[in-house]
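Summary of structural features
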Amino acid sequence: MADRILDIWGARTPHAKDTPWPVRVDLHLEAGLTESDVDRWVQSACVLCSNGCACDIAVKDGRMVGIRGRAGDVVNHGRLGPKGLYGSWQWSRTDRLLRPLVRRGGELVETDWDTAMSLIVRRSRELLDETGPLSHGFYTSGQLFLEEYYTLAVIGKAGLGTPHMDGNTRLCTATAAAAMKESFGSDGQPGSYTDIDSCDALFLFGHNMAETQTVLWTRVLDRVHGPDRPVIVAVDPRRTKVADVAVESGGVHLAPLPGTNLALLNGLIRELITRGWVDHDYVTAHTLGFDELATTVEPYTPEEVARICRIDADDLRRAAEVFGTSDRVLSTVLQGFYQSPQATAASCQVNNLHLLRGLIGEPGCGVLQMNGQPTAQNTRETGADGDLPGFRNWDNPEHIRELAELWNVDPLTIPHWAAPTHAMQIWRYAEQGSIRLLWISATNPAVSLPELPRIRDILAKEELFVVVQDGFRTETAEYADVVLPAALWGEKQGTFTNVDRTVHLSDKAVEPPGEARSDLDIFLDYARRMDFRDRDGAPLPPWRTPEEAFEAWKECSRGRLCDYTGLSYDRLRGRSGIPWPCNDEHPEGSDRLYADGVFPTHPDVCESYGRDLLTGGLVSPEQYKAMRPDGRALLKAAEYVASPEEPDEDFPFVCTTGRTVYHFHTRTKTGRSPRLRRAAPEPWVELSAHDAAMLGIGEGDLVRVESPRGRVEAPARIGRGRDGVVFLPFHYGYWDSGSQRHTRAANELTLTEWDPVSKQPLYKVSAVRVTKLAASGQPAPAPTTVASAPHVPEGIPTTTGDDDVRETTTAAEPPPPPPTPVRTANVPHTASKG
Ligand SMILES: Nc1nc2c(c(=O)[nH]1)N[C@H]1C(S)=C(S)[C@@H](COP(=O)(O)OP(=O)(O)OC[C@H]3O[C@@H](n4cnc5c(=O)[nH]c(N)nc54)[C@H](O)[C@@H]3O)O[C@H]1N2
Ligand SMILES: Nc1nc2c(c(=O)[nH]1)N[C@H]1C(S)=C(S)[C@@H](COP(=O)(O)OP(=O)(O)OC[C@H]3O[C@@H](n4cnc5c(=O)[nH]c(N)nc54)[C@H](O)[C@@H]3O)O[C@H]1N2
Ligand code: SF4
Ligand SMILES: [Mo]
């Protein structure tokens, strides 16, 4: 038995390049139970990150009592990480919302569903009569199921006709989508996890995979421990486990000052060009924009990059050499890029590195513009974020006509006179008073949005009617006018799609507690009570069950890049997940996209005509068509500009924020799992040894971190980060703090600024000052096993759990990867380039 709090990634199963990743099945059951005690195993996939590990839920006496990885699944080959093992199901018997709540005399009181829904519908009707659909805003999630998002999207776009709908995916993966739209013409992940098994070099750009996709990192470690290991390059200001392994592998750790990613990437691209590591045949045949890119990156010499990013010029040269001379390179990009200034511009440069060398679409040559949340991909596909369903283009009248026909509504109902409203703007409209009903589902903005003092003021506004739909009484629920108790994972049925496009079915294992209902049922109840109808008077949306919603979605996706028409609940049950596109042409799904170098950039198919990377200004349809992209990828460029908030005399440090391995976001589940909670019970502040010495701060001392917007007070961890940078985990809100003190959450400090292209907030750069409040003899409550490990480990107890996970390594054949398509699904043949 293994202690998977201490040994996060579990036992190694090393293997050689181009051989399948061995199977290892991880199992964890409630204490005292064995497999023979389990009544049923119910197929699902984990929803505590975007990796999408397939699992079976153990059910006994109508309760979830454990979890086991699915050996035959392409994603995890049986493995699970600490959150999947301990966090996915262990919250189930604790303090859930059991009945709807409504505000009476200032207090939230329990009521029945009819009263709660009638209240929402009455307010909704009043506002529609008074000011129309623009009074309604929907702020949803990356954690519902595909069927729920699609239902919400149809309600918003065809029922109400409001453009004000977005997900917390705006905080999470908006930049992934934006970078793929700008470079390839559409959202849609080019790469596959199987690229890890075949690559010669692996670049992680602002991605602490060891903590945030632990099972994917296990896959990397199994290559690193194999005979022909890949060289790894980590780009992260902190000394993460990824950075440690990068150095051990003969690669490099580049630790740029937060906010300088674009300068670094421009430097890498310049090196590729000047050292002659460019496949000019590929570039000529399959891309546009090389000359402008080369001109833009010209000033970014290694010395200039070293000056801006405060790194060593030779480290940059070495990183470029690894990229330029390895046969097969895989790159991943995540929040260190997406939540930093010039997010889309920097992430597009990663695409450019691959395009310049023609390393895309072949085994080992992937780009993974990562997702974070488990179902963020579906928020984007179904248009429950600021997009249209099926990667359609709001600026293309033909795409609007298709949707209107599909839903049998007047095209003018579907808002398309401007780009859909992004989340940061939705909150601004609520602040200014034009949005007066804000419906928040499966997200906890009172902890997760930037500049919390402002968010609390907005939520508390008398004129704003707030609906919160959650499984727990969150910090946000405390501000609601109506709280709707939702069924959670394991208590409802649906599908979702992970980072590498793999679709999984999650069946219902147990009944929801009390009167909690699935989000699908709640949205449909609202639609029926509002009496939304199509042009023939039929109910809109017409479906009633998850499977009917899925079938309807398949039609919406037909012929688009995210084509689901070859999938069904039956096909997804009992076997591995399947990556889209899956249709008549690719019945087994598609492991990678763009093997033929043909991209969905043709004006008739593309999801977006694009934006200027520096300003975010829209490219007009005429300008776009005049470029004649027609199947070629776009090498877009931008110059580096300084972060909107740089340190100064008053606020001399850069504060960056992020995750630790044991918690998921605002801890509504992981904070209720005893083992995970014990591993990281309270917030902390990470400082470099040099900075701490300068400030007279010792390990565990209570410190105050202040930005121009707020303050946080927590014990200091003298860690291994770079000088000048302070790190805060963003997981800690107030629900379990015993008081309403607003000094725990990292977002007290962060700023209301966003990337001009993707509109993703800049959580990774706030200027702060740090002061010591009190000495302490105790170490900080930070884990010792990961990036927040202490600089001096002596005297600090190691983070441990119990030996309670069974890992079974068998000789079972690993699942075969689906075949790689020769050409992509939705590019008209007339548009192909060769
Ligand atoms: N354990 C755990 N796993 C999770 C989650 C969780 O809450 N907990 N959440 C899931 C979700 S929704 C997401 S979005 C992902 C996020 O996954 P990651 O992006 O891996 O996580 P973060 O910790 O937000 O940020 C990654 C790294 O960015 C670095 N960084 C900060 N500023 C900069 C910068 O300016 N440049 C560069 N290059 N790097 C910088 C930080 O030091 C940090 O190590 O994780 C998913 N997985
Ligand atoms: N400072 C800082 N802030 C950040 C980040 C950062 O790196 N730094 N990262 C950002 C990122 S990438 C993300 S993804 C966000 C995450 O921020 P949030 O989305 O606010 O975080 P969660 O705690 O995951 O909130 C999800 C809520 O949905 C509920 N829930 C779970 N499943 C269901 C369901 O099936 N139905 C319903 N109705 N509710 C459900 C949970 O109980 C929980 O309250 O935070 C962002 N904020
Ligand atoms: S890696 Fe992500 S999906 Fe897999 S078990 Fe861990 S939290 Fe769940
Ligand atoms: Mo995220």
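Residues numbered from 1 in each chain as written. Chains lettered and ligands numbered in written order. Predicted model: local features only at pLDDT ≥ 70, side-chain atom pairs only at ≥ 80, totals over all residues. Heavy atoms only, no water.

**Points about the sheet that holds strand β19 (residues 502-506)**
Here is the rule we go by: If DSSP finds at least two bridges between two strands, the strands pair. Numbering of helices and strands runs from the N terminus; a helix is a DSSP stretch of H or I covering at least four residues, while a strand is a stretch of E covering at least two.
What the three strands build is an open sheet, ordered β18-β19-β20; its pairing is antiparallel. Whereas interior strands pair on both sides, the edge strands pair on one side only; in this sheet they are β18 (494-497) and β20 (578-579). The sheet contact formed by β18 and β19 spans four bridges and is antiparallel. Bridge pairing in β19 places T495 opposite L505.

**Describing the sheet that holds strand β3 (residues 54-60)**
Just so we agree on the cut-off: In this analysis, axes come from line fits to C-alpha atoms, helices being fitted only over the stretch in contact, and the angle between any two N-to-C directions falls in the range 0 to 180 degrees.
The strand order β2-β3-β4-β1-β28 describes an open sheet built from five strands, whose pairing is antiparallel. Among the strands making up the open sheet, the edge pair consists of β2 (40-45) and β28 (806-809). Ignoring which end each strand starts from, the neighbouring axes of this sheet average 25° apart. Here six bridges tie β2 to β3, and the two strands are oriented antiparallel to one another. Within the sheet, the bridge partner assigned to R40 lies in β3 and is V59.

**Some details on unusual backbone geometry**
The omega torsion of the bond from L540 to P541 falls at -10°, within 30 degrees of zero and hence cis. Tracing the backbone through its elements, the reader meets P541 in the loop between α21 (519-530) and α22 (546-557). With an omega of -5°, the peptide bond between W580 and P581 qualifies as cis. The phi angle at D18 is positive, at roughly 65°, despite the residue not being glycine.

**Structural notes on the site of ligand 2**
So the rule is basically this: The cutoff for a nearby residue is simple: one of its non-hydrogen atoms must lie within 4 Å of the molecule or strand. N or O atoms within 3.5 Å of each other form a polar contact, as long as, within protein, one can give a hydrogen and the other can take it, and as long as residues adjacent in sequence are counted only when both atoms are side-chain atoms. The nonpolar class holds Ala, Val, Leu, Ile, Met, Phe, Trp, Tyr, Cys and Pro. Asp, Glu, Lys and Arg form the charged class, and all remaining residues, Gly among them, are polar. All domain edges in this entry derive from an automatic or database-based domain assignment.
Near ligand 2 lie 32 residues; those nearest to it are Q143, N168, S448, D470 and T666. Note that a nitrogen atom of ligand 2 is positioned 2.7 Å from one of the side-chain N or O atoms of N747. Here K764 contributes a side-chain N or O atom positioned 3.3 Å from an oxygen atom of ligand 2. In the shell around ligand 2, the residues fall into 11 nonpolar, 16 polar and five charged. Composition of the shell around ligand 2 by domain shows at least three residues from each of domain 1 (122-173 + 376-446 + 462-497 + 508-559) and domain 3 (653-774).

**Some remarks on the packing of aromatic side chains**
Note on aromatic pairs: each is described by the distance of the centres and the angle between the planes. Our working rule: Between rings of Phe, Tyr and Trp, where Trp is taken as its six-membered ring, a pair exists when centres lie within 6.5 Å; planes separated by under 30 degrees are stacked, by over 60 edge-to-face, and by other angles tilted. With a 1.4 Å probe rolled over the protein chains alone, any residue whose accessible area is under 20% of its type maximum counts as buried; one over 50% counts as exposed, and the rest are partly exposed. Only when the NZ atom of a Lys or the CZ atom of an Arg is both within 6 Å of the ring centre and within 35 degrees of the ring normal do we say a charge sits over the ring.
Counting across every chain of the model gives 21 aromatic pairs. Taking 5.2 Å as the distance between ring centres and 45° as the angle between the ring planes, the aromatic pair formed by Y609 and Y624 counts as tilted. Residue Y609 is found in the loop between β20 and α24 (621-627), and its partner Y624 is found in helix α24; the two are separated by 15 residues along the sequence. Neither residue differs from the other here; Y609 and Y624 are each classed as buried. Members of the aromatic cluster, connected to one another through ring pairs, are Y150, W543, F550, W553, Y564 and Y569. Against the face of W21 rests R79, its NZ or CZ located 3.9 Å from the ring centre.

**Considerations on the site of ligand 3**
All residues in the neighbourhood of ligand 3 are listed as C46, L48, C49, N51, G52, C53, L80, G81, K83, G84, T214 and V215. Contributions of two or more residues to the shell around ligand 3 are made by α1 (82-87) and α7 (214-224). Its residues placed into classes, the shell around ligand 3 shows six nonpolar, five polar and one charged.

**Some words on the side chain of S135**
Spelled out, the test is: Whether two residues are in contact is decided by their heavy atoms, any of which lying within 4.5 Å being enough.
Position of S135 among the secondary structure elements: in the loop between α2 (113-131) and β7 (136-140). In contact with S135, other than residues within four places in its own chain, are L127, L128, S434, I435, R436 and L437.

**Some points on the environment of A637**
Examined against the element boundaries, A637 turns out to sit in the loop between β21 (633-634) and β22 (653-658). Taking the C-alpha atoms as reference points, A637 and G289, separated by 348 residues in sequence, lie 8.3 Å from one another. Apart from the residues within four sequence positions on either side, A637 is in contact with E292, L293, T296, Q349 and L613.

**Focus on the environment of E402**
The topology assignment puts E402 in helix α17 (residues 397-407). Sequence separation between E402 and R392 is 10 residues; the distance between their C-alpha atoms is 9.3 Å.

**Looking at the packing of helix α9 (residues 261-274) against helix α13 (residues 313-325)**
As a reminder of what qualifies: Angles are sorted into four bins: roughly parallel if under 35 degrees, roughly antiparallel if over 145, roughly perpendicular if 65 to 115, and oblique for all others. Two helices that cross are described as forming a left-handed crossing if the nearer one is turned anticlockwise from the farther one by less than a right angle, and a right-handed crossing if clockwise.
Running from N to C, α9 and α13 cross one another at 60°; their axes reach a closest spacing of 9 Å. Classified by the angle their axes make, α9 and α13 are oblique. Relative to α13, α9 is oriented so that their crossing is right-handed. Across from L264, G267, L268, E271 and L272 in α9, the residues of α13 making contact are L316, R317, A319, A320, F323 and G324.

**Structural notes on the domain arrangement of the protein**
To keep things clear, this is the line we draw: Reported buried area values correspond to the accessible surface (1.4 Å probe) lost by two parts on association, with both partners' losses combined. Here, a salt bridge means any Lys or Arg side-chain nitrogen found within 4 Å of an Asp or Glu carboxyl oxygen.
Taken as a whole, the protein is organised into domain 1 (122-173 + 376-446 + 462-497 + 508-559), domain 2 (174-370) and domain 3 (653-774). A straight line from the C-alpha centre of domain 1 to that of domain 2 covers 35 Å. The interface is formed by nine residues belonging to domain 1 together with 13 residues belonging to domain 2. On the domain 1 side of the contact with domain 2, T173, R380 and F391 bury the most area, a combined 55% of that side's loss. The shortest N-O distance in the salt bridge between D187 and R380 comes to 2.8 Å. At the surface where domain 1 touches domain 2, the tally comes to eight residue pairs in polar contact (both at pLDDT 80 or more). Breaking the side of domain 1 that touches domain 2 down by element, the ones donating at least two residues are α4 (169-172) and α16 (376-382). Top element by residues in the side of domain 1 that touches domain 2 is α4. It accounts for four residues. Here the side of domain 1 that touches domain 2 is composed, by residue class, of three nonpolar, three polar and three charged.

**Overview of the packing of α7 against helix α8 (residues 241-248)**
Two quantities define a packed helix pair, namely the angle between the helix axes and the distance between the axes. Two numbers describe how α7 lies on α8: the axes approach to 12 Å, and their chain directions differ by 15°. One way to sum up the angle between α7 and α8 is to call them roughly parallel. The way α7 lies across α8 gives a crossing that is left-handed. Across the interface between the two elements, W217, L221 and V224 of α7 pack against K241, V242 and V245 of α8. The class makeup of the residues in the contact of α7 with α8 is five nonpolar, no polar and one charged.

**Here's the deal with the confidence of the model for the protein**
How we decide: You can read pLDDT as the predictor saying how much it trusts each residue, on a scale of 0 to 100.
Per-residue pLDDT for the protein has a mean of 96; in total, 98% of the residues score no lower than 70. Residue range residues 825-834 is modelled with pLDDT below 50. Its contacts to residues more than four positions away, or to other chains, number 25 contacts.

**Remarks on the state of the cysteines**
Stated precisely, the cut-off is as follows: The disulfide criterion used throughout: a pair of cysteine sulfur atoms within 2.5 Å.
Considering all chains together, one arrives at zero disulfides under this definition. Note on C309: no disulfide assigned, nearest cysteine sulfur contributed by C348 at a separation of 18 Å.

**Side note on the pairing of strand β6 (residues 107-110)**
The pairing of strand β5 (residues 101-104) with β6 spans four bridges and is classified as antiparallel. Within the sheet, the bridge partner assigned to R104 lies in β6 and is E107. Hairpin geometry of β5 and β6 is characterised by an intervening segment of two residues between the two adjacent antiparallel strands and by a positive phi of about 55° at G105.

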